[in-house]
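Tertiary structure, described
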Amino acid sequence: MRPLLALLLLAALCGALLARQPPRADLAEFLPPGNSPASAFLFRELRSGAATTLLLAAIEGAPRAEMARLSRETAASLRASGRFSFVGDGTLRLGEAEEAFLFRHRYLLSDETRPEAFTAEALRPRLEALLDGLRSAAAPLLARFGFADPTGAFPRLAMRWLGENRLENSDGAWFTADGRRVLLLARSAGGGLDAEAQREAMDAFREGFATASPPPGARLLLSGPGVFAAEAAASIRADVELASGLGAGLLALFLFWRFRSAALLLLVAVPLLAGALAGYALTLLVFGSVHAVALGFGMTMLGVTVDYPILLLTLRRPGEAMGDAARRLWPTLRLAAAAAAAGLVAMLGSGLPGLAQLGTFAAAGVLVAALATRWLLPRLAPPGFASEPQALPAMVLRPLRALQGRRALAAGAMALAALALLASGGPRLQRDMAALSPVPAAQQNLDAELRAALGAPDVRALFVIGPAASTEEALRGAEALRQAAAPLLARGLLAGLDLPSDWLPSLATQRERQAALPAAEDLAEALRTAAVGLPFRPTAFGRFEAAVVESRALDPVTTAAFAREAPVLSARLSPLLAQQGDAHWAIAPASGVSDPLALEAAAAGLGLPGVAFLDTKLEMERLLLAYGAATLGWAAAGGALVLLILGWGLGGLRPALRAAGPIGGALLLALAVLALAGEALNLFHLAALLLLAGLAIDYALFLARAEMDPRTLEAVLSCVLSTLLTFGLLLVCETPVLRGIGLTVSAGVASAFLLALALLPRQVA
């Protein structure tokens, strides 16, 4: 009864804490902070920038007219949902107010506003083209805009703002060139890497599609950074839940077979739950929140704490009180837990928020689980509780006992592992973050296909301008980049730049364009000269003359004016301008970049302060290498700390090195297995190796105890089997990170146990 009450109390405390401070699902918290102002800005934008909120959608599998209808009705539903700041489809048109806004400010926004554009020589061919157009099917449109804008500034400006895709606009829908799909795009209101917000946006998309009553066979396809974030979070959660559930079930069956006691199962669960509660609480206290991935991985890593009650219950002597057994085993248990927690210091010093959370969670959990095993379990055990275990099969124990003391065999295995590492060139370092994503390659290919069709920017390669004191300063920097980038374009280092200043010129440029507009009398004279011999009335271009006069006195257009007067146009501009605190930035995606390193070097030579070229993949590779090096450095420090703790607990450096032998050998063998399996090492592999070191410490210390009785081998083997039942299931997960952890720990645990056994002196066995 007491173990059950303790578990219920711990579960209630965990539930209350989770309800008050639920884990966060925003994958952005696992992104590194960056190591330069430009890269720090980049990763902040990847966390919450406008580019991450773009959702791409395709509808296929229905007749053309049906797909067009589905597109229109789905888009209307999305606009009505309030979850999207912008929805684009084939019905996208400028409203009257936005059209009037763009038309009124056309000469401030058009890059063709130059003095020579308003001379008689330039106006004459424009007037002749207008006359020809009035005799064609375009006459109604020209009658509306042509006389007020004979230079054609507005049509070119409007086509530029709304014509940035490669799709056929038909029946109010965007059709791909082959007609198999209609495409839509939307910008969600939530953060792009906030998995929960993006899941809600995806649900709204699916609900809108379902509400449109699609015919049989019609399908909705979704892609974009938000979709990737939501699906990655869901995939990781499903894998963790599956592996944890099956592992817990198999572990319970194994322990029940060994001990034939339901009470023992409850006792074993107490330190695990106590460790989880302490890990969550400390992580929350230190970081202010706990990420769902850190919680999932942390609970997996806390599987090591099951060893502590198993060792206590298995090594308890017949008739020995539980408290006496805990007191007798406590020096070894305390040493193992302290060394395991110290080994996790590398995660804390890695600099990566996700790993730091994971290290904090696991270290606190390990220490509290050991304390609960020592002080809590003896008080929870029912009076007269006996835990005599079922003997393990002799066919398993016999070869293991024969392995004890085979130091030459252990040395040979480690030598072969070292040779395998040398022959294979050692384990590769994983530099590609995409390889860690659980999102299938087909989904990533769909994203690239939809982006290409829609003309949506690929934000892998971009120029960053800033930090600037104002948006105006950032726009001036973008204009300077436009001029300086001409040699880069000429050399073929890039095919194009999407600069915010191309859409919204700086205030200084707009004022220059105003100054370039002719005076009223000069324009009137140029029009009279240009219209000589053409059948236009003298007053035909009165609106044009009035617009030029008005444009000379207009207030320049600002981002606030766009947001207030032209939200559709503002949605196109907003991803290219950002503000973080008092710092303002301009972002310019680059297309056609074939050699990022060459472009980076060339961009550095432009001599533009505050302008940097960033390739997100290249930058991520560099950051992963830097953080990997930092983690290895901290791992070395953690290893030294572990040796100090072992030396203090075992009475000297020599016994500490003997105890550390199986740990080093297990790490070597695990690395060899990873190299032979073709696994590229990432930071999560390093975390798994740290966990492995903690497990290996348990095996080495308990097997090497001088007072070891014949049951010690069975006790440690039970721990090994428990760990394999827990971590071995990770090998079947879809998430690459989880599979890597499963392979690392499974191979290492088996190696650690066998090496610890082989390195024992024969007389101890």
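Scroll up for the structure.
A few points on the structure.

Calculation rules
Residues numbered from 1 in each chain as written. Predicted model: local features only at pLDDT ≥ 70, side-chain atom pairs only at ≥ 80, totals over all residues. Heavy atoms only, no water. Helix = DSSP H or I, 4+ residues; strand = E, 2+ residues; numbered from the N terminus. Buried < 20%, exposed > 50% of the residue type's maximum accessible area, 1.4 Å probe, protein only. Contact = heavy atoms within 4.5 Å. Areas by Shrake-Rupley, 256 points an atom, 1.4 Å probe, with all protein chains shown as cover. Salt bridge = Lys/Arg side-chain N within 4 Å of Asp/Glu carboxyl O. Patch = residues over 30% accessible without salt bridge, like charges linked within 9 Å, V, L, I, M, F, W, Y side chains within 5 Å. Axes fitted to C-alpha atoms, helices over the stretch in contact; angles between N-to-C directions. Parallel < 35°, antiparallel > 145°, perpendicular 65-115°, else oblique. Left-handed = near helix turned anticlockwise from the far one by under 90°. Nonpolar A, V, L, I, M, F, W, Y, C, P; charged D, E, K, R; others polar. 1 Å grid on protein atoms, 1.4 Å probe; cavity = no way out; pocket = protein on both sides within 12 Å on 5 of 7 lines; lining within 4 Å. Points joined across faces, edges and corners; volume = space filled by probe spheres on them. Core = buried A, V, L, I, M, F, W, Y, C linked by side-chain atoms within 4.5 Å.

Helix and strand content of the protein: 33 helices and 11 strands. Buried residues in the protein amount to 55% of all 765 residues. Put simply, 82% of the contacts in the protein that link residues at least 6 apart link residues at least 24 apart. For the protein, the accessible area works out to roughly 31,900 Å², and carbon and sulfur atoms hold 63% of it.

According to the stated counting rule, one finds 18 salt bridges in the structure shown. The salt bridge partner of D149 is R106, with a shortest N-O separation of 3.5 Å. Here R106 lies in helix α5 (residues 106-109) and D149 lies in the loop between α7 (139-145) and α8 (153-162), a separation of 43 residues in the sequence. Across the pair, R106 and D149 agree in class, each one buried. When the shortest N-O distance is used, the salt bridge between D203 and R206 registers 3.9 Å. Here the residue D203 and the residue R206 both occupy positions in helix α9 (residues 195-211), the gap between them amounting to three residues, near one helical turn.

A separate point is a nonpolar patch on the surface. Together, L282, L285, V286 and F287 make up an exposed nonpolar region whose accessible area comes to about 380 Å². Inspection of the secondary structure assignment puts V286 in helix α11 (residues 262-287).

At a minimum axis distance of 10 Å, the contact between helix α24 (residues 520-530) and helix α25 (residues 542-553) shows a crossing angle of 150°. Judged by the inter-axis angle, α24 sits roughly antiparallel to α25. Note on packing geometry: the crossing formed by α24 with α25 is right-handed. Judged by residue contacts, A520, L523, A524 and L527 of α24 engage F544, E545, V548 and V549 from α25. Residue composition of the contact of α24 with α25, grouped by class: seven nonpolar, no polar and one charged.

The full count for this structure, using the stated rule, is two cavities of 30 Å³ or more. A volume near 70 Å³ is recorded for the largest cavity. In terms of lining residues, the largest cavity is bounded by M301, L302, V304, A340, L344, A362, V366, L690, L691, G694 and L695. Of all the secondary-structure elements, those providing two or more residues to the lining of the largest cavity are α16 (353-380) and α31 (683-703). Here the lining of the largest cavity takes four residues from α31, the largest share from any one element. Broken down by class, the residue content of the lining of the largest cavity amounts to 10 nonpolar, one polar and no charged. In this structure, the second largest cavity spans a volume of roughly 50 Å³. For the second largest cavity, the full set of lining residues is F297, T300, M301, L358, A687, A688, L730 and I741. Where the lining of the second largest cavity is concerned, the elements lending two or more residues are α12 (292-301) and α31. Top element by residues in the lining of the second largest cavity is α12. It accounts for three residues.

A few words now on the nonpolar core. Counting 125 residues, the largest nonpolar core has F297, Y699 and F753 as the members making the most contacts within it. No other element matches the 17 residues that α31 contributes to this core. Beyond its immediate chain neighbours, meaning those up to four positions away, Y699 contacts D307, V716, C719, V720, T723, V749, A752, F753 and A756.

Before going further, it helps to examine the layout of surface pockets. Here the second largest pocket defines a volume of roughly 840 Å³. What lines the second largest pocket is a set of 31 residues, and nearest its centre among them are V240, S244, G245, M299 and T300. Looking at the lining of the second largest pocket, the elements that each hand over two or more residues are α10 (225-259), α11 and α12. When residues in the lining of the second largest pocket are grouped by element, the largest group, 13 residues, is from α10. The class makeup of the residues in the lining of the second largest pocket is 21 nonpolar, eight polar and two charged.

Its location among the elements puts T558 in the loop between α25 and α26 (559-565). For the pair T558 and P505, spaced 53 residues apart in sequence, the C-alpha separation works out to 9.0 Å. Excluding residues that lie within four positions of it along the chain, T558 makes contacts with L504 and L507.

What follows concerns the packing of α10 against helix α32 (residues 711-727). Running from N to C, α10 and α32 cross one another at 155°; their axes reach a closest spacing of 9 Å. Looking at the two axes, α10 sits roughly antiparallel to α32. Pair α10 / α32 crosses with right-handed handedness. Side by side, α10 and α32 meet where G247, L250, L251, F254, L255 and R258 of the first sit next to E714, S718, L721, S722 and L725 of the second. Of the residues belonging to the contact of α10 with α32, the class tally is six nonpolar, three polar and two charged.

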